[in-house]
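Reading the structure
Listed below, chain by chain, are the residues.
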Amino acid sequence: MEEIYSGLLRALELIAAVDPQVVEITLRSIFISLSSAFLAGIICIPLGGIIEFRQFWGKRALINLIQTFYSLPTVTVGLLVFLLISRSGPLGGLNLLFSPSGMIFGQAILVSPIMIGLTITALAGVSPQIRDTAKSLGATEMQIIITVIKEARVAVMAAVLLGFGRALSEVGVAMMIGGNIRGYTRVLTTSIALETSMGNLELSMALGIILISISLAINLLLNRFQGR
Amino acid sequence: MALLEVRSLSKSIGPAKILEGIDLTVERGEILGLIGPTGSGKTTLLRLINLLDEPSTGCILFDGRMVFGKPEKELLCARRKMAMVFQKPVMFKASVETNVSYGLRMRGRVDATGGEMSMSDMVEEALAAVGLSGYESRDANTLSGGETQRIALARALILQPELLLLDEPTANLDPGSAASIDNLLQRLAGSRTAVILATHNMQQCRKLAGRVAVLQAGRLMAVGKSEEITLPW
Ligand SMILES: Nc1ncnc2c1ncn2[C@@H]1O[C@H](COP(=O)(O)OP(=O)(O)OP(=O)(O)O)[C@@H](O)[C@H]1O
Ligand SMILES: [Mg+2]
């Protein structure tokens, strides 16, 4: 107990001292996860719109599948992406393995189901009269989708923020695709795992506190968006 | 050639026959009253004409061209020559100005094109027409019911449609605002815009409409000059 307490104090000292290594890892974490949320958002928001608006065979089943993938174990996504981008994989030529770009790609895939799913839920919440009004005023199908996304902007933003939160706190993809290379692909979660295993508990705790604080900030932002 | 020709149009939803065998023509620039008791199918008919829903059988000719069964591109083209004001209009989460200019923007209009009227001038004009000048920057979702109704009318008028579909446009208004909308519609008469005005109110029909179509339980009971029509109920 004593050890935890003193460790916690040292961790806070580290944060208060603005340790350059801690700052660097934090910024990299935020950058990579934000990029992956952004990348996933660009693809998943319109995709969610198309799934919600088009009628096609197996639509219900597809949505169920997407929702099942919300809680996909991160290591299985890591494995899948690893197979895709490793030297002999179909995307091997892009040299993404053990690079920040590879992590962004992998985390974007990881958070895609949740973003598509939550986008669909968000758009389904917009009253059908809005669609009718847009259509009646001469909007094309794509313009109607954009209009409805705009109407649901708060809920859609929430989907992106949740994706960011999941990317930031996951360790499977970051470790397997990034490789935890110091100064290059090391992020909050992977360094916590490493430092803990090496017995550097103060540094681990400092990074953990930062991670929790960012998650808390995301949640506050979410609540603010949703007007709660 | 008539602007709109509706031929033996029927609409069923499940086992319920909502509309049956509707035949109707609308000439350019005329105001046609569509009168019928509640549940008679007025809204359903206007939605079919606006190409929002598909009929079960029958067809619609707009400008002499068949519209149903055509690719979405042609439907869109015909739809863009019409505008509909819904019975209970909804506003986009945006300012009044953004709402009113919506249709223009969807048609690819951008502001400040040389020569033509600027988009903000057009919005100003449309708002003045419905008696709500100066409402541009108001949040459209904080308007009263009557204001919403009139902004919805401005949002349609700004498009200068060939056919304006109005679903009980004065039902939510106090007598004063209703009268000013009626005046506006009277001024529209004689312009190139044709209007189908759905209403319960025979007086409004007599005042505004040249011809009246009487709808009851999904069938057209009579079509004729407004002063010659007597209601069957
Ligand atoms: N989607 C639907 N499903 C089932 N029934 C419907 C549907 N839409 C309309 N109806 C029915 O069709 C009939 C005609 O409805 P419609 O809204 O066209 O009437 P209306 O003449 O506009 O009535 P009001 O004057 O009250 O607005 C009503 O009996 C209504 O209950
Ligand atoms: Mg109605």
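Attention in this report is confined to the structure presented alongside it. In this text the structure is predicted, and so the values were computed from the model without any measurement.

Listed by partner, the interface residues are 15 residues for chain A and 21 residues for chain B. Note on chain A versus chain B: buried area summed over both sides is about 1700 Å², and carbon and sulfur give 54% of it. Between Arg47(B) and Asp132(A) there is a salt bridge, with the nearest N and O atoms lying 2.8 Å from each other. Here chain A and chain B share nine residue pairs in polar contact (both at pLDDT 80 or more) between them. For the side of chain A that touches chain B, the secondary-structure elements that each account for two or more residues are α6 (128-136) and α7 (141-151) of chain A. Among the residues forming the side of chain A that touches chain B, the class breakdown is four nonpolar, seven polar and four charged.

This next bit is on the packing of helix α10 (residues 188-197) of chain A against helix α11 (residues 201-225) of chain A. Packed helices, taken two at a time, are described by the angle their axes make and the gap between the axes. All names here are of chain A. Two elements in contact, α10 and α11, have axes whose closest approach is 8 Å; the angle formed by their N-to-C orientations is 155°. The angle between the axes of α10 and α11 places the two elements in the roughly antiparallel class. Of the two elements, α10 crosses α11, and the hand of that crossing is left-handed. On α11, the residues touching Leu 188, Thr 189, Ser 191, Ile 192, Glu 195 and Thr 196 of α10 are Leu 201, Leu 203, Ser 204, Leu 207, Gly 208, Ile 210, Leu 211 and Ile 214. Across the contact of α10 with α11, the residue classes tally to eight nonpolar, five polar and one charged.

What follows deals with the pairing of strand β6 (residues 82-85) of chain B. Residue and element names in this part refer to chain B. Neither face of β6 is exposed, since Met 82 and Met 84 on one face and Ala 83 and Val 85 on the opposite face are all buried. Strand direction decides the pairing type here: β6 and strand β7 (residues 163-167), joined by four bridges, are parallel. Its bridge partner being in β7, Val 85 is matched across the sheet by Leu 166.

Here Gln143(A) shows up in helix α7. At 3.5 Å, the side chain of Gln143(A) and the side chain of Arg80(B) are in polar contact. Among all residues touching Gln143(A), those that are not within four sequence positions of it are Gly138(A), Arg80(B), Tyr102(B), Arg105(B) and Met106(B).

Rules used throughout
- Residues numbered from 1 in each chain as written.
- Chains lettered and ligands numbered in written order.
- Predicted model: local features only at pLDDT ≥ 70, side-chain atom pairs only at ≥ 80, totals over all residues.
- Heavy atoms only, no water.
- Contact = heavy atoms within 4.5 Å.
- Buried area = accessible area lost by both parts, 1.4 Å probe.
- Salt bridge = Lys/Arg side-chain N within 4 Å of Asp/Glu carboxyl O.
- Polar contact = N/O pair within 3.5 Å; in protein donor to acceptor, adjacent residues only side chain to side chain.
- Helix = DSSP H or I, 4+ residues; strand = E, 2+ residues; numbered from the N terminus.
- Nonpolar A, V, L, I, M, F, W, Y, C, P; charged D, E, K, R; others polar.
- Axes fitted to C-alpha atoms, helices over the stretch in contact; angles between N-to-C directions.
- Parallel < 35°, antiparallel > 145°, perpendicular 65-115°, else oblique.
- Left-handed = near helix turned anticlockwise from the far one by under 90°.
- Buried < 20%, exposed > 50% of the residue type's maximum accessible area, 1.4 Å probe, protein only.
- Pairing = 2+ DSSP bridges.

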